Protein chains: 2
Amino acid sequence: VITLLAGGTGAAKLVDGLVQETDSAGLTVICNTGDDINLYGLHISPDIDTILYTLARMNDWEKGWGVKGDSFFCLESLKRFGYETWFRIGDRDMATHIHRTLELRRGRTLAEAIDSLRSALGVKARVLPMSNDPVETRVVTPNGDLHFQEFFVREGWKEVVDSVYFRGIDDARPAPGVIAAILESQAVILCPSNPVTSLGPILGVLGIREALRDTCAPVMAISPIVGGAPVSGPAHKLMAAKGWEVSSLGVAKALRDVTDFFVIDTRDQEMAPAISTLGIKVLVTETVMTNGEDRKKLGRSILDILKSEQGI
Amino acid sequence: VITLLAGGTGAAKLVDGLVQETDSAGLTVICNTGDDINLYGLHISPDIDTILYTLARMNDWEKGWGVKGDSFFCLESLKRFGYETWFRIGDRDMATHIHRTLELRRGRTLAEAIDSLRSALGVKARVLPMSNDPVETRVVTPNGDLHFQEFFVREGWKEVVDSVYFRGIDDARPAPGVIAAILESQAVILCPSNPVTSLGPILGVLGIREALRDTCAPVMAISPIVGGAPVSGPAHKLMAAKGWEVSSLGVAKALRDVTDFFVIDTRDQEMAPAISTLGIKVLVTETVMTNGEDRKKLGRSILDILKSEQGI
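Residues numbered from 1 in each chain as written. Chains lettered and ligands numbered in written order. Predicted model: local features only at pLDDT ≥ 70, side-chain atom pairs only at ≥ 80, totals over all residues. Heavy atoms only, no water.

Peer 1: Give me the lowdown on the packing of aromatic side chains, citing residues and values where you can.
Peer 2: In this structure the tally under the stated criterion is 10 aromatic pairs over all chains. For the ring pair Phe148 of chain A and Phe151 of chain A, a centre distance of 6.3 Å and an interplane angle of 50° mean the geometry is tilted. One end of the pair, Phe148 of chain A, and the other, Phe151 of chain A, are both in helix H6 (residues 148-154), 3 residues apart, so they sit about a helical turn from each other. The exposure class assigned to Phe148 of chain A is buried, which follows from its relative accessible area of 5%. Phe151 of chain A gets classed as buried once you look at its relative accessible area, which sits at 0%. Centroid distance Phe148 of chain A to Phe152 of chain A: 5.2 Å. Interplanar angle 15°. Geometry classified as stacked. Taken together, the residues span about one helical turn, with Phe148 of chain A and Phe152 of chain A both in helix H6 at a distance of 4 residues. Within the aromatic cluster, the residues linked to one another by ring pairs are Phe148, Phe151 and Phe152 of chain A. The lysine or arginine in question, Arg88 of chain B, covers the ring of Phe72 of chain B, its NZ or CZ lying 5.1 Å from the ring centre. (Phe/Tyr/Trp six-rings, centres within 6.5 Å; stacked < 30°, edge-to-face > 60°. Helix = DSSP H or I, 4+ residues; strand = E, 2+ residues; numbered from the N terminus. Buried < 20%, exposed > 50% of the residue type's maximum accessible area, 1.4 Å probe, protein only. Lys NZ or Arg CZ within 6 Å of the ring centre and 35° of its normal.)

And the structure:
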């Protein structure tokens, strides 16, 4: 049984790699919900859905989001009614948001709504939101205080980042099962996700950081930074805004209190000694995943490391 | 300025015929909302939308409902989440329901929500709901008390009809502009719509029947029954349940108190004398519309009749 802390793209790649090499029923994925957004009266959970679609083998690897082969007729029609359509919701994807929103309106928790989606999509892994309480990642820029999706999708992360904060984080409690999954797993993996806005909100929920410190399971993190730049997305801008060095070492420093093992790419090999001095065991492998074969290979490497290091 | 009282299919055909022959800006269409239904958390107004789509030249004449060329990917995905999908909402059509529902949730009235749709679709005619208050047409059958759409779409109007009633009709007030449109038009047309469940709810809203009696404008009705059977739909079953004769004469009797002119098909010519004895002037023409040319021809006939009889 392995528990993963996951954001979107990078996490989805690793999850896909793992399920190619192990029984997905043994995985629990705890997802960031700080990216959640309400549009058109619908509750949208982008990171959750990327993980669900990945596990259901229906995600679009080319675009990196949404449902493979989806169309956008509903969205194009919404444009006609004056709505902004920068957040690209496909017709099939729309059904996911309609169902989740209906479940929430019926009084179900976000975790229950997600579990209903999971079950309908035939996904065997457990997929949990970090919290049932609303948390909203805000990015402060010279041009305003933006919802993460406004910064990330609408503005194409071009804005200068002054700071980041998580609205509602102080009142957020972990969703049922989150703490237990961390404490009772054989291993915990922090996915190669943006440490600020993907892992950051998860680690900010009361008790999660403590559970990672307290768990007997080995906690492994995989660096989302290779050669001083993120594999994808704006992690560099967000890390810089936090005053963190944009490197695997910078990520390791940010996660040092919760990490036992740190996996870096072969290209960052020279950083291994510095990371080791933080009291973290460093493992070096190929981490960049550009296709299904790469994903499978990293999944295999991660499982092998866990096996050799911990006999899992 | 002409005001029409409209249901779905038959009304849409006539509306299309009229706009082919006259300026649509001079039309006010008062629509039945007894068929409205909530599905997937969305407020759906089938008759309103059929009229809007007709006026926007985007309706599907082959199917008789929905948006021309629409796809059903969202609906098919909703099926996966366990929803019934007998009410066929296309992807483009879905946007209409999302927008209307959002407007209602923002505190707008149904009439305001519809006007927003109308304006976005570039429709120049006025389209009014009969009422902003909820009215629900119920069809009582040996197998249960059904929402009109359950009877009509889900069961394909196969059930025996014991009776029909309009839930909420006693508390429904006409939408703003409805009474004024009837009183101040140069002519009022009761479209060739089912007299029980299409015109019935409209005529049941407080003050509408009285306004039709009081208006100085000529009120013309067009029979939806030709040769003892409805041109489309279950009007015969519904009329029979009311104890009405299923014929143009039966329709004329049901509408006699509000009708000055009654248009029947040439095939029903022999009923003209009987209808005349009701104190209604009868006009005979080809009324069955199977294509755009037929619709245009009936539109022209109706305009000619109004011109010759009333100098409109």
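Peer 1: Just give me the short version of the interface of chain A and chain B, but keep the residues and values in it.
Peer 2: Across the boundary between the two partners, chain A contributes 24 residues, which contact 24 residues of chain B. Of the roughly 2300 Å² buried where chain A meets chain B, counting both sides, 67% is carbon and sulfur surface. If you look at where chain A meets chain B, you find 0 salt bridges. At the junction of chain A and chain B, the tally comes to 2 residue pairs in polar contact (both at pLDDT 80 or more). Those elements giving two or more residues to the side of chain A that touches chain B turn out to be helix H3 (73-80), helix H4 (91-105) and helix H5 (110-120) of chain A. Looking at side-chain class alone, the side of chain A that touches chain B contains 14 nonpolar, 5 polar and 5 charged residues. (Contact = heavy atoms within 4.5 Å. Buried area = accessible area lost by both parts, 1.4 Å probe. Salt bridge = Lys/Arg side-chain N within 4 Å of Asp/Glu carboxyl O. Polar contact = N/O pair within 3.5 Å; in protein donor to acceptor, adjacent residues only side chain to side chain. Nonpolar A, V, L, I, M, F, W, Y, C, P; charged D, E, K, R; others polar.)

Peer 1: Explain helix H13 (residues 292-310) of chain B to me, using residue names and the numbers behind them.
Peer 2: Residues and elements named next belong to chain B. Taking 1.5 Å of rise per residue, the 19 residues of H13 would be expected to cover 27 Å, and the 27 Å separating its terminal C-alpha atoms lies within 8% of that figure. Looking at H13, one finds that the buried residues are Arg295, Leu298, Gly299, Ser301, Ile302, Leu303, Ile305 and Leu306. Where H13 is buried, its residues meet strand S1 (2-6), helix H1 (9-21), strand S9 (187-190), strand S10 (219-222), strand S13 (261-265) and strand S14 (281-285). The opening residue of H13, the one whose side-chain oxygen lies 3.0 Å from the backbone nitrogen of Glu293, is Asn291. (Expected span 1.5 Å × (residues − 1).)

Peer 1: Requested: an account of the pairing of S1 of chain B, with residues and values cited.
Peer 2: Consecutive side chains of a regular strand alternate in pointing toward one face of the sheet and then the other. Residue and element names in this part refer to chain B. Most of S1 sits out of view: 5 of its 5 residues are buried. You can see the chain leave S1, run along H1 and come back into strand S2 (residues 27-31), and the turn it takes is right-handed. As paired strands, S1 and S9 are joined by 4 bridges and run parallel to one another. The residue of S9 that forms the bridge with Leu4 is Ile189. (Right-handed = clockwise from strand over helix to strand, strands pointing away. Pairing = 2+ DSSP bridges.)

Peer 1: Hey, could you go over the pairing of strand S13 (residues 261-265) of chain A for me, with residue numbers and the actual values?
Peer 2: All names here are of chain A. For S13, a buried count of 5 out of 5 residues is recorded, marking the element as mostly surrounded by other parts of the structure. The alternating pattern of S13 places Phe261, Val263 and Asp265 and Phe262 and Ile264 on opposite faces, both of which are buried. Relative to S13, strand S10 (residues 219-222) is paired through 3 bridges, and the arrangement is parallel. Of the residues in S13, the one forming a bridge with Met220 is Phe261.

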